[in-house]
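# A closer look at the structure
Take a look at the letters that make up each chain.
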Amino acid sequence: MWLLKISKHLLLLDYEDLFITRVSTTNDDVRVVKKVENFEISVENRAAPSSGFKQFVWRLAAAIIVMTTLLVLLLVFAAAPKIRAEQQEPFVEKPQKYKWPAPSESIQKKFDRAALTTDNAACSEIGGNILKKGGNAIEASIATMFCLGVVNPQSSGLGGGFLMTYYDKKSGNCYSIDARETAPAASTRDMFLNDSDGSKYGFRAAGTPGELAGYWHVFKKFSSGNVTWSELVEPSVVLARDGHPVSKFLATVMKVKERHFRLFPSVKHWLNPVTNATYQEGDILKRPKLAKTLETIANSSDPNQLFYHGEWAKIMAKEFKEGGGLITEKDLANYKVREYVNSNSNEHFRGSLIMCGGPPPSSFGVTQLIVSVMSKLFPEGHTGDIYNDPSVLHKYIEAMKFAYAQRTLLGDHDYVKEALELSKNLTTPEYTQWVIDRMTDKAQDSKDYGGIAQYQAPDHGTSHVSVLDQYGNGVSSTTTINRWFGAAVESTELGILWNDEMDDFSTPGMENGFGFAPSATNYISPGKRPMSSMSPLVIFDRISGNVRMVAGGSGGSKIISALANSIVRSLIFNTSIKQAIDAPMVHNQFTPDITQLDDNFPADFKKILEVEHLQKFRNTTGFEGVIQGIDVKPDGIYACGDYRRKTQQIPTGF
């Protein structure tokens with residue numbers, strides 16, 4: 001109808017219609033000017049006729065031309081949103097048959113050039129400021145992890161270690177940095193036999209820390225030159241000296257650990273001297289000894305020498321000896337960061353994308369296998385729906401079982417020859433197909449998944465940072481002191497909380513709560529690094545060289561399942577990174593072969609999985625995987641943290 005109206009107005013030279021900007025005539029010209037949004041179309045004719053009938057004919061011709069132009073424009077504008085939508089891969093919410101949880105309060109932010117997300121907003125801001133100064137992803141991650149050691153003391157710090165995956169766009173190389181803790185030279189395979197608490201609490205539980213050695217290693221090799229070492233440390237000095245608000249999560253953990261704060265003299269100061277109780281959410285927590293230590297590190301020309309070979313090595317060795325621990329000056333002096341280049345990657349899982357990570361003790365090989373299997377089952381252009389089709393989630397659970405079954409065979413590759421070969425084998429297209437060929441529509445007997453009836457010791461508290469810088473580099477780094485507050489002891493001189501990584505090893509003859517034997521590949525040996533669920537990874541495009549995703553997580557054995565779940569949902573099923581991270585937890589670590597679910601998982605969806613696919617479930621234990629993800633879409637960089645870590649988390653970038 002409105003086209004007829006426009007035609008009428010054109011014929012009558014009526015230009016008051018909404019779509020007509022102006023119609024002008026001169027002695028030798030008739031010009032009709034049409035403006036749609038910001039486009040201007042003119043139809044003109046020289047030597048316009050002057051007679052009435054000829055004018056009418058001329059006007060009719062002009063009207064037809066303009067109407068034709070309008071129709072073409074309408075078709076173009078109607079198609080444009082579809083074209084843009086296809087180019088930008090929008091996050092289309094499909095109608096859902098099942099009642100999934102509402103979106104969490106976590107914050108997803110969009111950036112144009114760089115992004116950083118981690119477990120604490122204060123640390124995200126510190127890392128973001130480094131990026132804004134021209135620093136790169138390596139430098140931003142170092143500054144962020146220094147901060148996490150202050151505000152997330154329950155999970156990370158200088159007394160622990162980390163695993164990092166770094167993608168360098170300029171060279172196209174993917175580097176794996178292993179700064180994991182090592183067993184002291186005096187440690188033995190059976191040292192915790194019939195003494196499970198000995199591996200968890202006290203100085204004997206600590207492995208030789210690699211955190212600071214790892215920071216210094218990557219700074220010396222990969223720094224941009226735009227920021228100084230001291231600039232990476234100084235913000236954390238201020239936080240430790242002036243204090244920071246206790247988060248809800250930290251307050252909860254401190255209450256859980258109150259017994260240990262009262263039991264071990266070196267950590268009694270974690271009780272509030274005013275109330276003689278643990279600090280509450282919002283209380284200001286100061287760490288003056290750690291602030292002094294960090295300040296010395298910031299001003300040091302060689303902090304690695306100071307910590308592992310100098311005066312501090314003597315101080316730490318003395319304290320460990322007095323506390324009954326095993327770490328000596330020689331253990332500290334012998335510590336070495338391990339670096340690998342393009343050691344582990346899956347180059348076949350989806351088009352031209354490459355997924356890269358590290359060799360054991362990283363569990364990257366396990367995590368990528370879950371993603372690879374799901375990607376092969378649901379290639380680009382698939383119609384699968386992980387939210388409305390229980391058979392899709394059944395396949396995901398089965399993929400988890402096959403992958404976790406292989407984890408029982410992994411360990412530090414310097415001590416377990418077959419571990420490195422197995423980890424690489426897990427990344428091959430043949431192995432992905434091997435898993436798919438053995439999957440059925442029903443859950444199977446445990447013996448059919450390729451693992452053995454043994455278990456890996458569970459790892460625990462960690463923090464994670466994901467960074468994509470303005471230069472196109474990506475860093476995914478997971479830092480840990482293992483269980484909450486590590487071994488619950490710290491250096492009285494330096495204010496450093498010590499890890500309890502010796503608990504990440506297995507001990508002969510000590511079965512877990514489900515009756516499975518411990519993993520022989522993960523027994524204690526001097527200098528050995530315990531197996532970990534940490535799986536920091538970067539996904540990039542081999543053709544363009546651009547990063548597609550940077551992701552990693554914290555949360556012990558659930559890191560693998562939570563990380564795979566986030567990647568599968570966002571990359572394969574095209575949800576937003578927030579929706580993928582928000583999705584209810586689904587975790588099966590093969591030992592035991594029973595799947596844990598969040599309480600808010602749809603009951604009717606679960607029932608179908610039980611009845612039609614014979615899956616077995618139980619409620620979650622409450623200790624969840626916590627993901628930090630960066631997802632690069634054609635229209636921008638999206639970053640989001642995980643609501644399950646009860647701290648304020650705000651991604652930063654520009």
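If you're wondering where the values come from, they're calculated on a predicted model, not measured in any experiment.

## Some details on the side chain of S266
Structurally, S266 is set in the loop between α8 (258–263) and β9 (271–272). Residue classification places S266 among the buried residues on the basis of a relative accessible area of 11%. From its side chain, S266 meets the backbone nitrogen of E490 in a polar contact 3.1 Å long. Apart from the residues lying within four places of it in its own chain, the contact partners of S266 are V489, E490 and T492.

## What to know about unusual backbone geometry
A negative phi holds for most residues other than glycine; trans holds for most peptide bonds. A cis amide bond links P360 with the next residue in sequence, P361, at an omega value of 20°. The step from T591 to P592 runs through a cis peptide bond, and the omega angle for that step is 10°. Tracing the backbone through its elements, the reader meets P592 in the loop between β21 (586–587) and β22 (595–597). Here the phi dihedral of N194 falls at roughly 60°; this positive angle occurs in a residue that is not glycine. Of note, N194 is situated in the loop between β7 (173–179) and α5 (211–222). Residue F485 is not a glycine yet carries a positive backbone phi of 60°. Here F485 is to be found in the loop between β17 (474–482) and β18 (517–518). A residue is classified by how much of its surface remains accessible, and F485, at 0% relative accessible area, is buried.

## With respect to the packing of aromatic side chains
Geometry of an aromatic ring pair is reported as the spacing of the ring centres plus the angle between the planes. Applying the stated criterion to the full structure yields 29 aromatic pairs. Here W100 and F601 contribute two aromatic rings whose centre-to-centre distance is 5.3 Å and whose plane-to-plane angle is 80°, an arrangement assigned as edge-to-face. Of this pair, W100 sits in the loop between α2 (52–88) and β4 (108–111) while F601 is found in the loop between β22 and α19 (603–613), placing the two residues 501 residues apart along the sequence. Using a relative accessible area of 10% as the deciding quantity, one classes W100 as buried. With centroids separated by 4.8 Å and ring planes inclined at 70°, the aromatic side chains of F402 and Y449 adopt a geometry described as edge-to-face. Remark: Y449 occurs in the loop between α16 (429–438) and β15 (454–455) and F402 occurs in helix α14 (residues 390–407); sequence separation between them is 47 residues. Exposure class is identical for F402 and Y449. Each is buried. Connected via pairs of aromatic rings, a cluster forms that spans F146, F162, Y215, W216, F219 and W229. The ring centre of Y387 lies 4.8 Å from the NZ or CZ of R569, which sits over that ring.

## Overview of the UniProt feature "active site" (unreviewed entry) in the protein
The feature "active site" (unreviewed entry), as given by UniProt, occupies T462 in the numbering adopted here. For T462, the location among the structural elements is in strand β16 (residues 461–468). Not counting residues up to four positions away in its chain, the partners in contact with T462 are S155, T478, T479, T480, M534, G553, S554, G555, G556, I559 and R645.

## What to know about the sheet that holds strand β24 (residues 626–633)
In spatial order, the strands read β4-β25-β24-β20-β19-β14-β13; together these seven strands make up an open sheet with antiparallel pairing. The sheet terminates laterally at β4 and β13 (344–350), the two strands that pair on one side only. Between one strand and the next, the sheet's axes are offset by a mean angle of 15°, whatever the strand orientation. Where strand β14 (residues 353–357) and strand β19 (residues 537–541) come together, four bridges link them in antiparallel fashion. Note on β19: the bridge partner recorded for I354 is F540. Against the sheet, helix α17 (residues 558–572) touches β13, β14, β19, β20 (547–554) and β24, its axis set at about 155° to β20.

## Section: helix α6 (residues 229–242)
Side chains of residues three or four places apart in an α-helix project in the same direction, reflecting 3.6 residues per turn. Here α6 contains 14 residues, and its C-alpha end-to-end distance of 21 Å stays within 8% of the 20 Å for a straight helix at 1.5 Å per residue. The set of residues buried in α6 consists of W229, S230, L232, V233, S236, V237, L239 and A240. Residues of α6 that are buried sit in contact with α3 (121–132), α4 (137–151), α5, β8 (244–245), α9 (288–299) and α10 (303–308). After α6 finishes, the residue G243 shows a positive phi value of roughly 100°.

## Describing the environment of I142
Position of I142 among the secondary structure elements: in helix α4. With 70 residues separating them along the chain, I142 and L212 place their C-alpha atoms 9.6 Å apart. Apart from the residues within four sequence positions on either side, I142 is in contact with Y215, V218, F219, W229 and L232.

## Considerations on the confidence of the model for the protein
The predicted structure's coordinates, where accompanied by low pLDDT, should not be read in detail. With 83% of its residues at a pLDDT of at least 70, the protein reaches an overall mean of 87. Low pLDDT (under 50) marks residues 1–51, which in the prediction has 86 contacts with non-local residues, meaning those over four places away or in another chain. Confidence over residues 72–92 falls short of pLDDT 50; this stretch has 20 contacts with residues more than four positions distant or in other chains.

## Details of the packing of α4 against α9
Axis separation between α4 and α9 bottoms out at 12 Å; the angle between their running directions is 165°. Looking at the two axes, α4 sits roughly antiparallel to α9. As for how α4 packs across α9, the hand of that crossing is right-handed. Across the interface between the two elements, F146, G149 and V150 of α4 pack against L290, L294 and I297 of α9. Considering only residue class, the contact of α4 with α9 consists of five nonpolar, one polar and no charged.

## Notes on the nonpolar core
Counting 83 residues, the largest nonpolar core has F146 and W229 as the members making the most contacts within it. Ranked by the residues each element gives to this core, the list is headed by α4, at 11 residues. When residues no more than four places from it in sequence are discounted, the contact partners of W229 are I142, F146, L212, Y215, W216, F219, I297, A298, S300 and P303. Counting residues in each nonpolar core, the second largest holds 62 residues, with F364, L422, L426 and V568 among its members.

## Brief notes about the state of the cysteines
Applying the stated criterion across every chain, the model contains two disulfides. Each sulfur of the disulfide joining C123 and C147 lies 2.1 Å from the other. Measuring handedness by torsion sign, the sulfur bridge of C123 and C147 sits at about -80° and is left-handed. Of this pair, C123 sits in helix α3 while C147 sits in helix α4; the two residues are 24 residues apart in sequence, bridging distant segments of the chain. An identical accessibility class is assigned to C123 and C147; each is buried. One disulfide in the model links C174 with C356; its S-S distance is 2.1 Å. Disulfide C174-C356: torsion about the S-S bond near 75°, hence right-handed. Of this pair, C174 sits in strand β7 while C356 is found in strand β14, placing the two residues 182 residues apart along the sequence. Comparing C174 with C356 shows no difference in burial state: the two are buried. Sequential numbering of the bridged cysteines in the protein gives the disulfide pattern 1-2, 3-4.

Rules used throughout
- Residues numbered from 1 in each chain as written.
- Predicted model: local features only at pLDDT ≥ 70, side-chain atom pairs only at ≥ 80, totals over all residues.
- Heavy atoms only, no water.
- Helix = DSSP H or I, 4+ residues; strand = E, 2+ residues; numbered from the N terminus.
- Buried < 20%, exposed > 50% of the residue type's maximum accessible area, 1.4 Å probe, protein only.
- Polar contact = N/O pair within 3.5 Å; in protein donor to acceptor, adjacent residues only side chain to side chain.
- Contact = heavy atoms within 4.5 Å.
- Phe/Tyr/Trp six-rings, centres within 6.5 Å; stacked < 30°, edge-to-face > 60°.
- Lys NZ or Arg CZ within 6 Å of the ring centre and 35° of its normal.
- UniProt positions renumbered as here; feature names shortened; annotations may be inferred.
- Pairing = 2+ DSSP bridges.
- Axes fitted to C-alpha atoms, helices over the stretch in contact; angles between N-to-C directions.
- Expected span 1.5 Å × (residues − 1).
- pLDDT = per-residue confidence, 0-100.
- Parallel < 35°, antiparallel > 145°, perpendicular 65-115°, else oblique.
- Left-handed = near helix turned anticlockwise from the far one by under 90°.
- Nonpolar A, V, L, I, M, F, W, Y, C, P; charged D, E, K, R; others polar.
- Core = buried A, V, L, I, M, F, W, Y, C linked by side-chain atoms within 4.5 Å.
- Disulfide = S-S within 2.5 Å.

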